[in-house]
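Chain by chain, the residues:
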Amino acid sequence: MNKITKIIVGAVILALVVWGGVKLLGTKEEKTTETIKIGAIYGLTGPLAGLGEMFKNGAVFATDDINNSGGIKGRKLSLLIEDGQSDVKNSVSAFQKLVDIEGVKYIDSFGSAINLALKPLAEEKKVILLANSSHPKITEGVKFILRHSNIASSDAKILIDEVKKKSPSKVGIIYLNDDWGVVFNKKFQQMLRDSNPLIEIISESHLPKDTDMRTQILKILSGKPDLVLIASFGPASGIIVKQLKEMNYSGDIFMNIGFALSPDAQKIAGDAANGIYYQTMKKYSRFEEDYFKKYNKESGSFSVYAYTNFELLKYAIENVGYDTEKISDFIKNLKEFNGKYEYLIINDNGDMILETIVSRWGR
């Protein structure tokens, strides 16, 4: 090989080395600028569409705020929302699409029945599931599920304390026959009997898609209860209130958290809801004001919970990176989180429990 040939070969090799280095740096840069996919499964149609819209509003607001402030470690968020229609089968399909096709590792979702179904899938796939669900078993024996919600057993205790003030001897209960409604009814009856072993309870259930509860109401009213408790969600809870009044019931009505979480129910009940005792959660007026200024529409009272979930996930990724196991451990060990709008206390199971209060509608 002569001298000129050696120079040419050397130059080619040097060029390849330099090109390779640039390519590697370019690949690294491309990876750091890829968006971070975050999934959401909300019931945007179906019986809980009003609540689903609230969660969507909070998720969009949080995504916009995070992206406008530089994203997470320089990477923007890509929000992928699926309509689970508040249906277990559809929500499982939505989860599989987000995880298996889109490669999502973090999902926000609401609904007890929904998240109970997603629970084993999230554990198997090592996906962070931010569950807005009140069923007590949501965070039992899991690694990757984090709950940001009220809890049915605590809600039952708070309602019991208010019901006891009325000193009833007979209580009628109409509850939603799903995972959440069944466990709430069980806890409520157990606590009610613990407080008064002689109390008489008349209990009837309804299915999620029922639109006429007069048969159940007639059975309950035939027992002449001193008060009626409604443990339901979505339009059904408003229908029950309205039909109770139409059937000339004039006693006290107590509603669990489902009524406050269901804008459709409130519209259906209308004036019939005046004076009822209903369970609700703390309002975050500053959040609602900020949302309205940005989007010129109402956010809904519970949008803030989705917002805080995204905030919390951002904080965890910034501290421990993208590995879901590290994220879960980090959040569970935080003990508390002071977000822009919410302050959370986090227990060892990853529960961020929201306290409820009982108020009177329209007063």
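Conventions used here
Residues numbered from 1 in each chain as written. Predicted model: local features only at pLDDT ≥ 70, side-chain atom pairs only at ≥ 80, totals over all residues. Heavy atoms only, no water. Helix = DSSP H or I, 4+ residues; strand = E, 2+ residues; numbered from the N terminus. Buried < 20%, exposed > 50% of the residue type's maximum accessible area, 1.4 Å probe, protein only. Contact = heavy atoms within 4.5 Å. Areas by Shrake-Rupley, 256 points an atom, 1.4 Å probe, with all protein chains shown as cover. Lys, Arg positive; Asp, Glu negative; His and termini not counted. Charge placed at Lys NZ, Arg CZ, Asp CG, Glu CD. Axes fitted to C-alpha atoms, helices over the stretch in contact; angles between N-to-C directions. Parallel < 35°, antiparallel > 145°, perpendicular 65-115°, else oblique. Left-handed = near helix turned anticlockwise from the far one by under 90°. Core = buried A, V, L, I, M, F, W, Y, C linked by side-chain atoms within 4.5 Å. Arc of directions from axis to C-beta. Nonpolar A, V, L, I, M, F, W, Y, C, P; charged D, E, K, R; others polar. Phe/Tyr/Trp six-rings, centres within 6.5 Å; stacked < 30°, edge-to-face > 60°. Lys NZ or Arg CZ within 6 Å of the ring centre and 35° of its normal. Pairing = 2+ DSSP bridges.

Engineer: Before we move on, could you go through the overall build of the protein and cite the residues and values that matter?
Structural biologist: Scanning the protein for helices and strands turns up 13 helices and 14 strands. Dimensions of the protein, computed from the C-alpha atoms along their principal axes, are close to 110 × 45 × 35 Å. Burial statistics for the protein: of 363 residues in total, 50% are counted as buried. A separation of at least 24 residues holds for 66% of the contacts in the protein among residues at least 6 apart in sequence. Accessible surface, the protein as shown: approximately 17100 Å² in total, 53% of it carbon and sulfur. If the 47 positive side-chain charges of the protein are averaged to one point and the 44 negative ones to another, these points end up 3 Å apart.

Engineer: Describe the packing of helix 3 (residues 88-101) against helix 4 (residues 112-125), naming the residues involved and giving the relevant values.
Structural biologist: Two elements in contact, helix 3 and helix 4, have axes whose closest approach is 9 Å; the angle formed by their N-to-C orientations is 30 degrees. Taken together, helix 3 and helix 4 sit at an angle that is classed as roughly parallel. Helix 3 and helix 4 meet at a crossing whose hand is right-handed. Listed contacts from helix 4 to Val88, Ser91, Val92, Phe95, Val99 and Asp100 of helix 3 are Ala113, Ile114, Ala117, Leu118, Leu121, Ala122 and Lys125.

Engineer: Account for the nonpolar core, with residues named and values stated.
Structural biologist: One finds Phe188 and Leu244 to be the most contacted residues of the largest nonpolar core, which totals 93 residues. The element contributing the most residues to this core is helix 12 (residues 303-320), with nine residues. The contacts of leucine 244, once residues within four sequence positions are left out, are Ile217, Leu221, Val228, Ile230, Tyr249 and Ile253. Ile41, Val92, Val104 and Val142 belong to the second largest nonpolar core, which has 17 residues in total.

Engineer: Mind laying out helix 11 (residues 285-295), listing which residues take part and the relevant values?
Structural biologist: Note on helix geometry: an α-helix contains 3.6 residues per turn, so any two residues three or four positions apart are oriented the same way. Listing the buried residues of helix 11 in full gives Phe287, Glu288 and Tyr291. Each buried residue of helix 11 lies within a common arc of 95 degrees when the element is viewed along its axis, so the set occupies one face. Buried residues along helix 11 sit in contact with helix 2 (49-68) and helix 12. After helix 11 finishes, the residue asparagine 296 shows a positive phi value of roughly 60 degrees.

Engineer: Tell me about the packing of helix 2 against helix 11, and name the residues and values.
Structural biologist: Running from N to C, helix 2 and helix 11 point in directions that differ by 75 degrees, and their axes come no closer than 11 Å. Taken together, the axis directions place helix 2 and helix 11 in an arrangement best described as roughly perpendicular. Counted together, Asn57, Gly58, Val60, Phe61, Asp64, Asp65 and Asn68 of helix 2 and Phe287, Asp290, Tyr291, Lys294 and Tyr295 of helix 11 form the full contact between these two elements. Looking at side-chain class alone, the contact of helix 2 with helix 11 contains five nonpolar, three polar and four charged residues.

Engineer: I'd like a description of the packing of aromatic side chains, backed by residues and values.
Structural biologist: This model, assessed by the stated rule, comprises 21 aromatic pairs. Measuring from ring centre to ring centre gives 5.1 Å for phenylalanine 259 and tryptophan 361, while their planes differ by 75 degrees; the resulting arrangement is edge-to-face. Taken as a pair, phenylalanine 259 in helix 9 (residues 257-260) and tryptophan 361 in the segment after strand 14 (356-360) lie far apart in primary sequence, 102 residues in all. An aromatic cluster is defined as three or more aromatic residues linked by ring pairs; in this entry it consists of Phe61, Phe287, Tyr291, Tyr295, Tyr307 and Tyr341. Above the ring of tyrosine 322, the side-chain terminus of arginine 75 is found at 4.8 Å from the ring centroid.

Engineer: Break down the sheet that holds strand 7 (residues 200-206) for me, with residues and values.
Structural biologist: Spatially, 7-6-8-9-10-14 is the arrangement adopted by the six strands of the open sheet, whose pairing is mixed. Edge strands, defined here as strands with exactly one partner in the open sheet, are strand 7 and strand 14. Ignoring which end each strand starts from, the neighbouring axes of this sheet average 25 degrees apart. Sheet topology note: the strand 6 (residues 170-176)/strand 7 ladder contains seven bridges and is parallel. The partner of isoleucine 174 across the bridge, within strand 7, is glutamate 204. Lying over the sheet, helix 5 (residues 152-164) contacts strand 8 (227-231), strand 9 (252-255), strand 10 (277-281) and strand 14, oriented at roughly 35 degrees with respect to strand 14.

Engineer: Would you mind going over the sheet that holds strand 2 (residues 77-83) in detail, with residue names and values included?
Structural biologist: Pairing between the strands of a sheet comes from backbone hydrogen bonds, and it takes one of two forms, parallel or antiparallel. The strand order 2-1-3-4-5-13 describes an open sheet built from six strands, whose pairing is parallel. The sheet terminates laterally at strand 2 and strand 13 (351-353), the two strands that pair on one side only. Within this sheet the neighbouring strands show an average axis-to-axis angle of 15 degrees, counted without direction. As paired elements, strand 3 (residues 106-110) and strand 4 (residues 128-132) share five bridges and run parallel to each other. By the bridge assignment for strand 4, tyrosine 106 is matched with isoleucine 128. Its contacts with the sheet place helix 2 against strand 1 (36-42), strand 2, strand 3 and strand 4, and it is angled at close to 170 degrees to strand 2. Relative to strand 4, helix 4 is tilted by about 165 degrees, and along the sheet it contacts strand 1, strand 3, strand 4 and strand 5 (145-149).

Engineer: Residues and numbers for helix 7 (residues 214-222), please.
Structural biologist: Every buried residue belonging to helix 7 is among Gln216, Ile217, Ile220 and Leu221, and all of these are buried. Mapping the buried residues of helix 7 onto a view down its axis gives an arc of 130 degrees, with all of them on the same face. Pointing more than 90 degrees away from the buried face of helix 7 are the exposed residues Thr215, Leu218 and Ser222. Those residues of helix 7 hidden inside the fold are in contact with strand 6, strand 7, strand 8 and helix 8 (235-246). Following helix 7 by one or two positions, lysine 224 adopts a phi angle in the positive range, close to 50 degrees.

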